[in-house]
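Notes for the structure review
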Amino acid sequence: MSQHGVGPRAVSRSVAFLLTAGVLAVPALAGCGSEDPAGKPLAGQDIQPAARDRITDGGTLRWAVDSVPDTLNTFQSDADATTTRVAQAVLPSMFRMNAEGRPERNPAYLESAKVVETEPKQVVLYKLDQQAVWSDGREIGAADFAAQWRALSGKDTAYWTARNAGYDRIQKIERGDNALEVRVTFSRPYADWRSLFSPLYPKDVMGTPDSFNDGARKKLKVTAGPFLVKKLSRKDEEITLTRNPRWWGRPAKLSEIVLRTVPRDKRAKELAAGTVDLAEIAPSEARRITVAARPRGSSSPVMGSEADQKPRTPKAAAKYARQQQALRGFEVRKSLEPAFTQLALNGAEGPLADERVRRAVARALDRKELAKAVLKPLGLPAVPVGSHLALSGQAAYADNSGALGGQDTKEAQALLADAGWVRGGPIKEQKKKGEKAAGAEGKKAGKSSEAESRDDDGEYIVGSDDKDKQDGKAHREKDPNHLAQDGKQYKQPHQGGAPGAYAPMGTAAPAGREAAPLAKNGKPLTLRFVLPSGPGSQTLRTVADRIARMLERVGIGTEISKVSDESYFKDHIASGQYDLALYSWPASAFPATDARPVYAKPVPAADGSLNVEQNYTRVGTDQVDQLFDQAVATLDEGESRSLIRKADSRIWAAAGSIPLFQRPQLVAARKNLVNIGAFGLGTPVYEDMGFLKKGAKPASGPSAKGSATP
């Protein structure tokens, strides 16, 4: 959805989706009537809102993060979610996301921003707040915009940039009628112009390749947000932000924010010890906190089961009881992340190169059941995602899954028969053999059987939630992405700029009767389902098991292959060594720009290799590419959204990836923390975060608590 990240992702295209029966018609798009198909977010923010006069002036917020980032420059390839978090607190953003995941003008920096000319060229005029200054006292102005454009335009390869999208369409930047006005002239129309200059770095950072490449990696000398970077300590694994005395907006309520590295499996312990006030947590930890917060003697249900969490020895039980007592001071705030989990189908070779087989896989899946199994135990709305390119509430969203169709066993079997797959094939034996081999591979990678079987509700994350978008024109040197799990980072080769891919949390596999296995030319229809083997792999495995059962019902066999975390993405997903895989993309408010690398039709490179950008399914069509080209160059917002929705319908029909559900977002927060928690689709407002005054109460109403319900 960033790298944010974060965000992402591109498209697949197809002019016509051919079955043997002929051309597949794409149904009429949702949204042609009067009702807005975008709808509302499935889950709102859960941040315990409070008016500023109820918040204490001062205090230190200790916020658990996955890592101290390798860089504070969000436009570099090794930026991660913490890089973005720091940038949001200390740097200007011309636009930020509201609670619906839509871009809105940031009033702290902009009085206005709009397209003032379309002919002969598109011109955007920014009018800056007259008080907006950098922390060194210099006014924010056209020189900063121009320096960022030159650094990110892609014309100077000395800049190690992770992305150029949008900036490469700018022709010139100049001062307007006064120092507060910035005129940006585009060489080609650019619908997603609001995505630019967020964040905006000072010319001190963007002005030269050296300052861009190295100057902002460990420190930011000049900033312009409610906070400053006071200290970055890799030894202590902390970043300390402090109030910016030159900040002209609403003064920050907190005096300091300490972003502290805490592995995900240690967060409950750190919360109980009082060393952390806020942390994203796994469902198992959420259950612990929910149990701790219940009134004594309460028999009310909680998320999932807590029976297997309690320790069995007296010493461990006493420690557990002390921690539970300390956890009574916290609550779980929950929403849905701006990211969705998908089943990826590798269409480059093998059975899935046949669109009929891919469509059969999709028609075998009960997406509602998968969403329900993962999200309902958490008290979150269990609604399948209906778009590859946006989430419910975002402007471009529409449920276009009808272009492919819902679960239909008979239709899936008919598609397979049409593709020549008939009854017969030793699938069970192959599956057992594959699982045995995979288990050996996992142990070889140094994963103990105890770790592999541990169900700690961990997450497998490829990239980082908020890593910046990349467009395939990025600099290729010193350009690693990362695999990250439980706070650990693993380098992988750059693939053109994945904004961030994630693998999901799972549930127990259902019982179900499988159909007789299918075969063609004596070869059984067995698909290799690749999963990581690390400590969090059991939750992934349960999702995969449920999908495997669904496929078995239509005669498709699966061979579960567990591989080491280090090789999962690099050696399997990115290199195409899989048939089925589970990972997630962040959603973007700018899909015409960000989604294209994820769904773009792979093209041969000069060296004969295939350039897939971030389209790891290798499924793409010329028509989808054309629709994205049109959407990004169309300044009529309604028309651009219509083109995006058409592209999404065709992506669905090509069946290269099947969106399943939005990822849950669970945050443990000290009960007196306000305006912070599970932000959902929105951007945090750092100056309003803080601790309630003694005796004060947060805002009342449905948005204050329980906002993660439908």
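Now for a look at the structure at hand.

The rules behind these values
- Residues numbered from 1 in each chain as written.
- Predicted model: local features only at pLDDT ≥ 70, side-chain atom pairs only at ≥ 80, totals over all residues.
- Heavy atoms only, no water.
- Core = buried A, V, L, I, M, F, W, Y, C linked by side-chain atoms within 4.5 Å.
- Buried < 20%, exposed > 50% of the residue type's maximum accessible area, 1.4 Å probe, protein only.
- Helix = DSSP H or I, 4+ residues; strand = E, 2+ residues; numbered from the N terminus.
- Contact = heavy atoms within 4.5 Å.
- Axes fitted to C-alpha atoms, helices over the stretch in contact; angles between N-to-C directions.
- Parallel < 35°, antiparallel > 145°, perpendicular 65-115°, else oblique.
- Left-handed = near helix turned anticlockwise from the far one by under 90°.
- Nonpolar A, V, L, I, M, F, W, Y, C, P; charged D, E, K, R; others polar.
- Pairing = 2+ DSSP bridges.
- Patch = residues over 30% accessible without salt bridge, like charges linked within 9 Å, V, L, I, M, F, W, Y side chains within 5 Å.
- Areas by Shrake-Rupley, 256 points an atom, 1.4 Å probe, with all protein chains shown as cover.
- Salt bridge = Lys/Arg side-chain N within 4 Å of Asp/Glu carboxyl O.
- Lys, Arg positive; Asp, Glu negative; His and termini not counted.
- Charge placed at Lys NZ, Arg CZ, Asp CG, Glu CD.
- Expected span 1.5 Å × (residues − 1).
- Polar contact = N/O pair within 3.5 Å; in protein donor to acceptor, adjacent residues only side chain to side chain.

Right, let's get into the nonpolar core. A general trend in soluble globular proteins is that nonpolar side chains are found buried together. Grouped together as the largest cluster of nonpolar side chains are 108 residues, with contacts concentrated most on Trp63, Met94, Tyr126, Phe197 and Leu241. For this core, the element with the highest residue contribution is helix α2 (residues 142-152), accounting for 7 residues. Not counting residues within four places of it along the chain, the set of residues in contact with phenylalanine 197 comprises Pro92, Ser93, Met94, Tyr126, Phe145, Gln148, Tyr167, Ile170, Ile173 and Val184. Grouped together as the second largest cluster of nonpolar side chains are 60 residues, Val262, Ala292, Val332 and Leu666 included.

Axis separation between helix α8 (residues 355-364) and helix α10 (residues 409-418) bottoms out at 8 Å; the angle between their running directions is 165 degrees. Classified by the interaxial angle, the pair formed by α8 and α10 is roughly antiparallel. The two elements α8 and α10 meet at a crossing, and its hand is left-handed. Of the residues in α10, those in contact with Arg356, Val357, Arg359, Ala360, Arg363 and Ala364 of α8 are Thr409, Glu411, Ala412, Leu415, Leu416 and Asp418. Taken together, the residues of the contact of α8 with α10 sort by class into 6 nonpolar, 1 polar and 5 charged.

Once that is clear, we can look at the sheet that holds strand β9 (residues 181-186). The strand order β6-β7-β9-β8 describes an open sheet built from 4 strands, whose pairing is antiparallel. Two strands lie at the open edges of the sheet, namely β6 (110-117) and β8 (170-175), each paired on one side alone. Going across the sheet, the axis of each strand differs from the next one's by a mean of 15 degrees, ignoring polarity. As defined by bridge partners, β8 adjoins β9 across 5 bridges and the pair is classed as antiparallel. The residue bridging lysine 172 from the neighbouring strand is threonine 185, located in β9. Each of β7 (123-128), β8 and β9 touches α2; the most contacted strand, β8, lies at about 160 degrees to it.

Once that is clear, we can look at a positive patch on the surface. A surface patch of like charges, here positive, comprises Lys269, Lys315, Lys319 and Arg322. Of all the elements, helix α7 (residues 314-326) adds the most residues to the positive patch, at 3 residues. Residue placement: lysine 315 occurs in helix α7. The exposure class of lysine 315 is exposed, given its relative accessible area of 73%.

Now for helix α18 (residues 637-654). A rise of 1.5 Å per residue sets the reference length of α18, with its 18 residues, at 26 Å; its end C-alpha atoms lie 26 Å apart and thus fit the reference within 8%. Residues of α18 that are buried include every one of Ser640, Leu643, Ile644, Arg645, Ala647, Asp648, Ser649, Arg650, Ile651, Trp652, Ala653 and Ala654, and no others. Its side-chain oxygen at 3.0 Å from the backbone nitrogen of glycine 638, aspartate 636 defines the N-terminal cap of α18. Looking one or two residues beyond α18, the residue adopting positive phi is alanine 655, at roughly 55 degrees.

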